[in-house]
Amino acid sequence: MKKLFLIVPFLMLAGCSSSQTWGWYVIDPTTQTGWTNVKFLISGMWATIQISLIAAVLSIVLGLMVALPGLSEKRGWRLTNRVYVEFVRAIPLLPMLFWVFYGLPIVFQSMGLNVPIDPFWGAIITLAISDSAFTAEIYRAGIQSIARGQREAAQTIGLNYVQTMRYVILPQAIRRILPPLANQFIYIVKMSAFASVIGMQELTRRANELVVTEYRPLEIYTLLIFEYLILVLIISAGVRWLERRMGADERG
Amino acid sequence: MSDAAIELAGVNKWFDTFHVLKDINLTVKNGERVVICGPSGSGKSTVVRCINQLEKHQQGTIRVDGVELTDDPKSAASIRSEVGMVFQQFNLFPHLTVLENLTLGPIKARGLSRKDAEEKARKYLDRVHIPDQADKRPVQLSGGQQQRVAIARSLCMEPRVLLFDEPTSALDPEMISEVLDVMVELAQEGMTMVVVTHEMGFARKVADKMIFMDAGEIVEEGHPEHFFTNPQSERCRKFLSQILQH
Ligand SMILES: Nc1ncnc2c1ncn2[C@@H]1O[C@H](COP(=O)(O)OP(=O)(O)OP(=O)(O)O)[C@@H](O)[C@H]1O
Ligand SMILES: [Mg+2]
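Residues numbered from 1 in each chain as written. Chains lettered and ligands numbered in written order. Predicted model: local features only at pLDDT ≥ 70, side-chain atom pairs only at ≥ 80, totals over all residues. Heavy atoms only, no water.

Asks: Describe the layout of surface pockets, listing the residues and the values that go with them.
Replies: Of the voids in this model, the largest pocket is the one considered here, and its volume is about 1,500 Å³. Glu 73, Lys 74 and Gln 155 of chain A together with Lys 56 and Arg 80 of chain B are the residues nearest the centre of the largest pocket, which is lined by 44 residues in total. The set of elements that each furnish at least two residues to the lining of the largest pocket consists of helix 3 (45-70), helix 4 (75-90), helix 6 (119-144), helix 7 (148-156) and helix 8 (161-191) of chain A together with strand 1 (4-15), helix 1 (44-51) and helix 2 (73-80) of chain B. Looking at the lining of the largest pocket residue by residue, the classes come out as 20 nonpolar, ten polar and 14 charged. (1 Å grid on protein atoms, 1.4 Å probe; cavity = no way out; pocket = protein on both sides within 12 Å on 5 of 7 lines; lining within 4 Å. Points joined across faces, edges and corners; volume = space filled by probe spheres on them. Helix = DSSP H or I, 4+ residues; strand = E, 2+ residues; numbered from the N terminus. Nonpolar A, V, L, I, M, F, W, Y, C, P; charged D, E, K, R; others polar.)

Asks: Now, about the UniProt feature "transmembrane region" (unreviewed entry) in chain A: what can you tell me, with residues and values included?
Replies: Residues and elements named next belong to chain A. In the numbering used here, UniProt assigns the feature "transmembrane region" (unreviewed entry) to residues 47-71, 83-108 and 220-242. The span residues 47-71 is 96% helical and 0% strand by assignment, and the distance between its end C-alpha atoms comes to 36 Å. In residues 220-242, helix accounts for 100% and strand for 0%; the two terminal C-alpha atoms are 33 Å from one another. (UniProt positions renumbered as here; feature names shortened; annotations may be inferred.)

Asks: Quick one: what's the story with the interface of chain A and chain B, residue by residue and with numbers?
Replies: Contacts between the two partners involve 16 residues from chain A and, on the opposite side, 19 residues from chain B. Interface of chain A and chain B: buried area, both sides summed, is about 1,600 Å²; carbon and sulfur atoms make up 62% of it. It is Thr 156, Ile 157 and Tyr 167 of chain A that lose the most area in chain A upon contact with chain B, and together they represent 36% of the buried surface on that side. The tally of links from chain A across to chain B stands at one salt bridge. Applying the counting rule to chain A against chain B returns seven residue pairs in polar contact (both at pLDDT 80 or more). At the level of elements, helix 7 and helix 8 of chain A are the ones that each hand at least two residues to the side of chain A that touches chain B. (Contact = heavy atoms within 4.5 Å. Buried area = accessible area lost by both parts, 1.4 Å probe. Salt bridge = Lys/Arg side-chain N within 4 Å of Asp/Glu carboxyl O. Polar contact = N/O pair within 3.5 Å; in protein donor to acceptor, adjacent residues only side chain to side chain.)

Asks: An account of empty space enclosed by the protein is requested, with residue identities and associated values reported.
Replies: Residue and element names in this part refer to chain A. This model, assessed by the stated rule, comprises one cavity of 30 Å³ or more. Each pocket or cavity is described by its volume, and for the largest cavity that value is around 30 Å³. Around the largest cavity sit Leu 93, Leu 97, Ala 123, Leu 127, Met 191, Ser 192, Phe 194 and Ala 195, which together line it. Every element with two or more residues in the lining of the largest cavity is listed here: helix 5 (93-110) and helix 6. For the lining of the largest cavity, the class distribution of residues is seven nonpolar, one polar and no charged.

Structural data, given as structure tokens:
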């Protein structure tokens, strides 16, 4: 990240002095076509944000459902958790995306269901599943960090499993879970770029399409990198704010 | 209803291959106070934890109020709320206020209204002599106060039996007596209690029955009078002479 900061201005300077390699006109907002191009590129932002946000929410729910059996005393439940986490973590995102987008509808068809999967939901499902393995591990670590005595005390005052989680364990674990969970959101945003290959009109797809018509990959992909950079920087500022707040709570 | 609050018959337990409880037989009658002592690692905590099913025993039967403990989670929950437990480390819920610590069980497990639960909570806070700390967080209290809150939290469930696992071992010496005083008062009010402790002064004062455990066995059992003055086994005599020296 830091290195990128150093390299990019250097490249831009180089670009100003030699118009042979750089042609900023393609995204020069002061010109008519340049401005149209910039608007076209930035208009993918909303889709990127939407996909990432929905995938993150699903991953947060799914991750908890995967994490809880991993904390069970029963070996069978724990095994289910391990198999899911190891399996999902092992699959590269792109093949999983292809499998969900091209393969899953066929699976549904063979079961007599007609569930079309568009690029939007294909991307979301893939990102959510892929990320849920990591979210699950974050939950597990956070919940395990709460001393065993807390769970035992909850049990001795008659709380059942769900009540113990809801009123005793999760409220305490959440401050250890939330910051890394928010961090994980950065991963989703970056991985959402893969949605471009199944035709989702998000940031990367827009850049690719413009490159094809304008033949200016250097400038367009530079702008693309900055678009992600801005998104990620905003999120990490949010994470830091969250970490400070959680830390303050713990001390208070 | 049977006369026995708790009945352990032929209870055996293993941690993997380690035989931690060996053929434990123990009856606690309603209103009786039983004190368990013994060297570290002898299985005292494990006995108590088996009674409220924080641990599972593998052989023998444990009955609470005449009902045998089984694997059925429903019976586990209902028996747990009959049996209160006070831990060495207090185990108060740090994210809740004292009052919320006390009302959580009654509201969620017993279905009491908030108002009734708070009324009950204040009554028991009074009983453990900390009526004015209800809105504080546990960390703001001294160790002795925290342990008394923990006792009050158990009392709010109105258990038939209260188990104590070394309730004063984590306390600074000057705070031990304030907790023991509360426990003595409970005993005088007729609460059925099983107490693991090395506080022999307390034991002499309240115990109806003394249990000495060593290496997973109940080595000696008896009325405090005989127990302290004339222990039968060599192991118990040695343990008592060590502990009474302090
Ligand atoms: N979860 C566990 N797994 C394996 N061994 C255990 C477990 N819990 C306790 N033990 C072992 O069982 C034995 C009895 O433990 P227990 O805690 O009942 O002893 P205790 O009499 O309460 O000792 P102390 O006075 O130190 O509290 C000890 O040797 C302990 O190491
Ligand atoms: Mg112990």
